[in-house]
Amino acid sequence: KEGCPVKKKRTLRQWCTLCGAIAGLGVVLALMGGQRDSPPEIQILFWIGVAVVLAGVVLAAVKVRCPKCGCFLVFQVRNMPKYCPKCGAKLDEDEQ
């Protein structure tokens, strides 16, 4: 259709950033709810935070992979490898 915006695929760096942000949010929630003297309504944030951290890790395990061989890449936003450690394929910034 005309006028429909073309969706760009996310890059590996974008997936790393998103997964890190999700996991970071989970850590903040867990810390907020992890206080011993907090009421039970606030302590539930600990378990919600744990679930959010796990969601970030699972998303990273699914999305932060080599586009050629599917090898899991340790998600590090600043030190993203330029080549896959398993197959040696170049990890271009434009690839998902």
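Higher on the page you've got the structure.
Residues numbered from 1 in each chain as written. Predicted model: local features only at pLDDT ≥ 70, side-chain atom pairs only at ≥ 80, totals over all residues. Heavy atoms only, no water.

## Brief notes about the overall build of the chain
Next, step 1: Looking only at helices and strands, the chain features two helices and zero strands.
Next, step 2: Contacts in the chain between residues at least 24 apart in sequence constitute 48% of all its contacts with a sequence separation of at least 6.
Next, step 3: For the chain, the exposed surface amounts to about 7,100 Å²; the carbon and sulfur share of it is 61%. (Helix = DSSP H or I, 4+ residues; strand = E, 2+ residues; numbered from the N terminus. Contact = heavy atoms within 4.5 Å. Areas by Shrake-Rupley, 256 points an atom, 1.4 Å probe, with all protein chains shown as cover.)

## Details of the nonpolar core
Inside soluble globular proteins, nonpolar side chains tend to come together where they are buried.
Next, step 1: If you look at the biggest cluster of nonpolar residues, it comprises 13 residues, and the most contacted ones within it are Leu 12, Val 64, Cys 66, Leu 73, Met 80, Cys 84 and Leu 91.
Next, step 2: Here the element with the most residues in this core is helix H1 (residues 12-33); it accounts for four residues.
Next, step 3: Setting aside anything within four residues of it in sequence, one finds Cys 66 in contact with Cys 71, Leu 73, Cys 84, Cys 87, Ala 89 and Leu 91. (Core = buried A, V, L, I, M, F, W, Y, C linked by side-chain atoms within 4.5 Å. Buried < 20%, exposed > 50% of the residue type's maximum accessible area, 1.4 Å probe, protein only.)

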